[in-house]
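Notes for the structure review
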Amino acid sequence: MTMTPETPAIGFYKSALAPEEFATTTLQDLIDAIQSDEFKPKIEKLRATLEAGDDDGYAVAKKDLQAVSISGTCDGKRASAVEEGRFTHSGFLQLDFDAADNIGWEVEEIVHILQGESRIVAAFVSPSGHGVKGIARIAVCETKEEHAACFAAARNHFLQFNLEIDRATKDPVRLMFVSHDPKAWLDLKRTAAFEPEAPSSQDLPSGSSQAPKKTKGSLILKATHGSIPLPPHEGIHTWLMEAAWWCRFNDLSESETVERLKSYDGSLRRALQPTEAVDAARQVFSSAMPESSADWKITEQVTALITKPPGQSTMQSFDPEDVFYDGPASKYLVRVGNAFFTYSKLSPIVTGITRHLADQYTDAKELMRAVKATVANRELDGGVQWNGNLAGHKQGLTTDNAGLPILITSEAKPPQPADGDFPIITDLPSQAFANPTAMEVFLSWLAGRWTAVNSHTHIPSPMLVLAGEVNSGKSLLAWIVTEMLGGRVANPYKAWSGDILWNDDLIGSEMLLVDDCSASTDIRARRAFGAAFKEAMYPHAVQLRKRHTSSVSARPVWAVMVCCNDTPEALQIIPPLDADMSDKIILLHVSPVTLPIDTSTPAGKHALQAMLRLELSAFAQSLKEWVVPEELRDTRSGVLAWRDPELVDSVDANSPARRIEQLIETAVTHLGIWHDLPREFTAMEIESRLTDQGSPVRDQAKQMFNWHGACGSALNRLAGKGGLVSKGSYDGNRKVWRYHITAG
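Remember, predicted model here, so these are calculated numbers, not experimental data.

**Quick notes on the overall build of the chain**
When helices and strands are tallied, the chain shows 22 helices and 29 strands. In the chain, the share of contacts with a sequence separation of at least 24, taken over all contacts with a separation of at least 6, comes to 70%. Of the accessible surface of the chain, which amounts to about 34700 Å², a share of 50% is contributed by carbon and sulfur atoms.

**What about the packing of aromatic side chains?**
Under the defined criterion, the tally for this structure stands at 10 aromatic pairs. Ring centres of Phe-318 and Tyr-343 lie 5.8 Å apart, and the angle between their planes is 50°; on these two criteria the pair is classed as tilted. Remark: Tyr-343 occurs in strand β15 (residues 339-343) and Phe-318 occurs in the loop between β12 (297-298) and β13 (323-326); sequence separation between them is 25 residues. For Tyr-343, a relative accessible area of 18% puts it in the buried group. When the ring centre of Phe-285 is taken as origin, the NZ or CZ atom of Arg-248, which lies over that ring, is 5.6 Å away. Of note, Arg-679 hangs over the ring of Phe-681, and the distance from its end group to the ring centre comes to 4.3 Å.

**Regarding unusual backbone geometry**
A cis amide bond links Leu-677 with the next residue in sequence, Pro-678, at an omega value of -5°. If you trace the backbone, Pro-678 turns up in the loop between α19 (656-668) and β27 (679-682). You will see that Ser-80, though not glycine, has its phi angle at about 60°, which is positive. Relative to the assigned elements, Ser-80 resides in the loop between β4 (72-74) and β5 (87-89). The phi torsion at Asn-471 lies on the positive side, around 60°, for a residue other than glycine. Checked against the element boundaries, Asn-471 lands in the loop between β20 (463-468) and α13 (474-484).

**Here we look at helix α5 (residues 144-159)**
Here α5 spans 22 Å end to end across 16 residues, near enough to the 22 Å set by a 1.5 Å rise per residue. Of all 16 residues making up α5, 13 are buried, and the element is well covered by its neighbours.

**Section: the sheet that holds strand β14 (residues 331-336)**
Spatially, β15-β14-β13-β16 is the arrangement adopted by the 4 strands of the open sheet, whose pairing is mixed. The outermost strands of the open sheet, each flanked by one partner alone, are β15 and β16 (383-384).

**Section: the packing of helix α7 (residues 254-262) against helix α8 (residues 276-285)**
Remark: α7 packs on α8, axes separated minimally by 9 Å, with the N-to-C direction vectors making an angle of 140°. Between α7 and α8, the crossing angle belongs to the class labelled oblique. For α7 against α8, the interelement crossing comes out right-handed. Together, Glu-254, Thr-257, Val-258, Leu-261 and Lys-262 of α7 and Ala-277, Val-278, Ala-280, Ala-281, Arg-282 and Phe-285 of α8 make up the contact between the two elements. Of the residues belonging to the contact of α7 with α8, the class tally is 7 nonpolar, 1 polar and 3 charged.

**Considerations on the sheet that holds strand β10 (residues 185-186)**
Taken together, the 4 strands give an open sheet; going across it, the order is β6-β8-β7-β10, and neighbouring strands pair in antiparallel fashion. Pairing within the sheet leaves two strands with one partner each, and these edge strands are β6 (92-97) and β10. Pairing between strand β7 (residues 120-125) and β10: 2 bridges, direction antiparallel. Bridged to Ala-122 within β10 is Leu-186.

**Some remarks on the pattern of salt bridges**
One pass over the structure, following the stated rule, counts 20 salt bridges. For Asp-96, the salt bridge is made with Lys-133, and the minimal N-O distance between the two is 3.1 Å. With Asp-96 in strand β6 and Lys-133 in strand β8 (residues 132-137), this pair connects stretches of sequence that are 37 residues apart. There is no split in this pair, since Asp-96 and Lys-133 are both buried. A salt bridge links Arg-689 to Asp-676; the nearest nitrogen and oxygen atoms lie 2.9 Å apart. Residue Arg-689 is located in helix α20 (residues 683-690), and its partner Asp-676 is located in the loop between α19 and β27; the two are separated by 13 residues in the primary sequence. Residue classification places Arg-689 among the buried residues on the basis of a relative accessible area of 15%. Put simply, Glu-685, Asp-731, Arg-734 and Arg-738 are held in one network by salt bridges that share partners.

**Quick notes on the confidence of the model for the chain**
The predicted model of the chain averages 81 in pLDDT, with 84% of residues at 70 or higher. Note that residues 1-5 has pLDDT below 50 and, in this model, 14 contacts with residues that lie over four places away or in other chains. Confidence over residues 206-225 falls short of pLDDT 50; this stretch has 52 contacts with residues more than four positions distant or in other chains.

**Digging into the packing of helix α12 (residues 436-455) against helix α17 (residues 616-625)**
Direction vectors running N to C along α12 and α17 enclose 95°, while the axes themselves pass 9 Å from each other. It follows from the interaxial angle that α12 and α17 lie roughly perpendicular. Contacts from Leu-443, Leu-446, Ala-447 and Trp-450 in α12 reach Phe-619, Ala-620, Leu-623 and Lys-624 in α17. Looking at the contact of α12 with α17 residue by residue, the classes come out as 7 nonpolar, no polar and 1 charged.

**Details of the pairing of strand β28 (residues 725-731)**
The sheet contact formed by β28 and strand β29 (residues 736-741) spans 5 bridges and is antiparallel. Residue pairing for β29: Lys-727 is matched across the bridge by Tyr-739. What sits between the antiparallel neighbours β28 and β29 is a turn of 4 residues, in which Lys-735 has the positive phi angle 55°.

**Description of the side chain of Gln-621**
Structurally, the position occupied by Gln-621 is in helix α17. According to the relative accessible area criterion, Gln-621 is buried, its value standing at 17%.

**Regarding the side chain of Arg-738**
Relative to the helices and strands, Arg-738 is located in strand β29. Apart from residues no more than four positions distant in its own chain, Arg-738 is found in contact with Glu-680, Phe-681, Thr-682, Glu-685, Lys-727, Gly-728, Ser-729 and Asp-731.

About the criteria used
Residues numbered from 1 in each chain as written. Predicted model: local features only at pLDDT ≥ 70, side-chain atom pairs only at ≥ 80, totals over all residues. Heavy atoms only, no water. Helix = DSSP H or I, 4+ residues; strand = E, 2+ residues; numbered from the N terminus. Contact = heavy atoms within 4.5 Å. Areas by Shrake-Rupley, 256 points an atom, 1.4 Å probe, with all protein chains shown as cover. Phe/Tyr/Trp six-rings, centres within 6.5 Å; stacked < 30°, edge-to-face > 60°. Buried < 20%, exposed > 50% of the residue type's maximum accessible area, 1.4 Å probe, protein only. Lys NZ or Arg CZ within 6 Å of the ring centre and 35° of its normal. Expected span 1.5 Å × (residues − 1). Pairing = 2+ DSSP bridges. Axes fitted to C-alpha atoms, helices over the stretch in contact; angles between N-to-C directions. Parallel < 35°, antiparallel > 145°, perpendicular 65-115°, else oblique. Left-handed = near helix turned anticlockwise from the far one by under 90°. Nonpolar A, V, L, I, M, F, W, Y, C, P; charged D, E, K, R; others polar. Salt bridge = Lys/Arg side-chain N within 4 Å of Asp/Glu carboxyl O. pLDDT = per-residue confidence, 0-100.

Pasting the structure below:
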């Protein structure tokens, strides 16, 4: 065997599937092409495929990528070229440092190690972007056994750094894919070569009879004399161990070693991770002291990257059972304690699961195969179609009403019952509700809502409306209700009045509170609000509409509460009290309350809330034991939709139907065009007369009839109450009802 320091030819193949060379090239030309954009489009597409988690797609697509035979050229087909004497060796050996074999190593760190070795002439990042390809000088080999012996020398050398070379490169005709790496480097002036070593049985070619010689990789550290090893410009693994051993041999304690490692001069490519210095020191100080300090050796291969160091570590690992995959959003969710973290990339998931499984494996390849299989299993078994908060439901994996898997990422924590007194909470409702029935209705409604949330079962319930003067205590009562239901609150008014489509801010809140919102004078908005409330509270399921994700059907556990002033205008925020809403709205009047402390400042408000929180558990015990009075029970929702009579009159006085009735009463006192009463009219005819040029209520009527059908809708409601307007005959030809109006 003779050395050939000049640049020899290497084989170039159109793809990994090509049986013969397409051409020959040189290492210089190869590195130039890798540094340029020649292969960039294909490599970027491959890396994007891998980043998306499509490992199989990546493996298939990579087979169409160009490749080279670094160790030489073939005369004819590559198969059996060495055995048949058709292979011309180049004196180069390819080294593949795969990510699967070198867990925890950064690409730049591996490149740094290669640049520091005089027998390496080139290196670049692999097509995946996660591994490194190195080119080493070796003797020109005539047989596979000679090539394998040189491979063994290179492999044993890099095991000193805890770096594993892919064993497949012991085959001299092994192909190496091209790549794209602007930082790829080449130094053909290096002429040193790896001398052959007896390979292990695993490194021998198939069928070889050469006896194996056992070798063991070890990490050779620097001598004790001199100063602490200087941090490299790139890389950190080897330096941490060298520096930690230097500290130990120079009689520094473990804590002093940690501080010394943390005080590096800042020239490293990246900052130390939170536990790296601690873990390195722990690894060194937990190991047996070498017999000789002149030539430090760790006799066992360093496995800190795939085995946990003694003691506790703050490194985060992921139990596979805590990993979920949102298919429609292409995101991973991981349960950490009582919270879920979202990851848009696969790499953190792989790292977390690798750390969790590391104790179960000693072989890096087996570990990575297990990690890959685990990730694939979790994408299937932990796959969900929707994730987020769902009011009143437990955290964890469940299904929607159609059987689709969904992940609930948090749950409410309402106060749990406990013996005790709650004097402040007892006093507040007593002051707020002058009518004893109103207080019983309030407590009955709240007891039902608290039970529903704690049992994770939705129970249809009326909307609770608290109306009172400014600063009467409505918002404080609403705060107590919110806390009793777990503290999660959202305002449904915009979504339910038709302003927005999404309801993802509502579905995760048990308390839906409308507090002092501006009322809409448009009856259509109020009716939309009422219709949306019925659709949300009374059906078996609700469509969950969340931005940028799939819609699923589920049943949130909700309570709906409205706080407003008791003026006729403010009361217009609630839906019309029509026949279809008569059993779905509770209307209570709130009287001003006197608080035990001054709450005019933020500090005062926080102090009162702190006092109330101390009473919530005792109040919960009271709600658990509460029995709804017989006269207030409802078989469907548990409590009747009781309404304060005075507030009902105030609401009714400002309803569109009542206002139109008043307009008609005023208009007919001026006979004029109403001289033909009593008689029947269509809604259009009545609207025309009220807005006639000579009508005394013309301007008011025009304001009322601001949408098509407003007059007919109001007349239809008036006709059912009796009085000036009653239902007349049906005009079959015109398909409209007529309304009978008596004389004023």
